[in-house]
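Results of the structural survey
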Amino acid sequence: MLRHTTYQSIYNNDFIETASSGIKTTERFQAIQAMFSRRLLFKLLLAAVIIIAGCTGMVRVFAGSPQDEIPMEQVVVSQGDTLWGIAVEYKPKDMDTRAFIRIIKETNHLKTSGIEAGDVLSLPLY
């Protein structure tokens, strides 16, 4: 039976020594636990700040001010009116009639160009 050995551990000797006593191991564990909890708290705080800043910016983007609104004119469709005729009458002089018809359709949520007498159309005033 061997009494002495030449074995040297590849691990840190401080850790082996403190593991045998038990006091420093618990202190080290508590320090590591506190470090991870501080890191986790920092990450959560950073994520919350990013989310709040992002939501605040998104609300500002989607919440248009009254100055941003385009004034609208309500037009009642008469018998024989077409989108083309209404667009020619109400469009700005420098705008293409087809572009104004597209704007009218988007503004009034029309899928087709078919309109009937009595329909009320909102026309943007430029």
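Higher on the page you've got the structure.
Along each chain, the written sequence defines residue order, and numbers are assigned to residues from 1. Restriction of local features to residues with pLDDT of at least 70 applies here, the model being predicted, together with a cutoff of 80 or more for giving and counting side-chain atom pairs; totals for whole chains, interfaces and linings are based on all residues. Heavy atoms throughout the structure, all of them, feed into the side-chain values; hydrogens and water do not.

**Notes on the overall build of the protein**
Test applied: Helix and strand definitions follow DSSP, with helices as H or I runs of at least four residues and strands as E runs of at least two, each counted in order from the N terminus. For each residue, the accessible area found with a 1.4 Å probe, counting protein chains only, is set against the maximum for its type, and the residue is called buried under 20%, exposed over 50%, and partly exposed in between. The contact rule is simple, with two residues in contact once any of their heavy atoms fall within 4.5 Å. Accessible surface is estimated by sampling points in the Shrake-Rupley manner with a 1.4 Å probe; for residues, cover comes only from the protein chains shown.
If you tally the helices and strands in the protein, you get 4 helices and 2 strands. Secondary structure elements of the protein, listed N to C terminal, follow the sequence α-α-β-α-α-β. Relative to its full complement of 126 residues, the protein shows a buried share of 15%. For the protein, the share of sequence-separated contacts (at least 6 apart) that also reach a separation of at least 24 residues comes to 55%. Of the roughly 10800 Å² of accessible surface on the protein, 61% is carried by carbon and sulfur atoms.

**Focus: the pattern of salt bridges**
Note the cut-off: The term salt bridge refers to a side-chain nitrogen of Lys or Arg lying within 4 Å of a carboxyl oxygen of Asp or Glu.
Per the stated rule, a full pass over the model turns up 2 salt bridges. The partner of Arg 98 in a salt bridge is Asp 96, and the shortest N-O contact between them spans 3.1 Å. For Asp 96, a relative accessible area of 38% puts it in the partly exposed group. Ionic pairing is found between Glu 106 and Arg 102, a salt bridge with its closest N-O pair at 3.7 Å. With Glu 106 and Arg 102 both in helix H4 (residues 97-107) and 4 residues apart, this pair spans about one turn of that helix.

**Structural notes on H4**
Put simply, the test is: Taking the helix axis as origin, the arc is that swept by the directions to the C-beta atoms.
Looking at H4, one finds that the buried residues are Thr 97, Phe 100, Ile 101, Ile 103 and Ile 104. Viewed along the axis of H4, the buried residues span an arc of 160°, placing them on a single side of the element. The exposed set on the far side of H4, more than 90 degrees from its buried face, consists of Arg 98 and Glu 106. The inward-facing, buried residues of H4 abut helix H3 (83-90) and strand E2 (120-124). Looking one or two places after H4, you find His 109, whose phi comes out positive at around 55°.

**Here we look at a nonpolar patch on the surface**
We count it as follows: To count toward a patch, a residue needs a relative accessible area above 30% and no salt bridge. Like charges then connect within 9 Å, nonpolar side chains (Val, Leu, Ile, Met, Phe, Trp, Tyr) within 5 Å.
Judged by side-chain polarity, Ile 32, Met 35 and Phe 36 come together as a nonpolar surface patch covering roughly 260 Å² of accessible area. Take Phe 36: it is sitting in helix H2 (residues 23-62).

**Some words on the side chain of Ser 122**
Put simply, the rule is: What qualifies as a polar contact is a pair of N or O atoms within 3.5 Å, subject to a donor-acceptor requirement within protein and to the restriction that residues adjacent in sequence count only when both atoms come from side chains.
Note that Ser 122 resides in strand E2. One polar contact links Ser 122 to Gln 74, side chain to side chain, over a distance of 3.0 Å. Aside from chain neighbours lying at most four places away, what touches Ser 122 is Met 72, Glu 73, Gln 74, Thr 107 and Asn 108.

**Concerning the environment of Thr 82**
By the element assignment, Thr 82 lies in the loop between strand E1 (72-76) and H3. Look at Thr 82 and you get partly exposed, because its relative accessible area is 43%. Separated by 34 residues in the primary sequence, Thr 82 and Glu 116 have C-alpha atoms spaced 8.6 Å apart. A distance of 3.1 Å separates a polar side-chain atom of Thr 82 from the backbone nitrogen of Gly 85.

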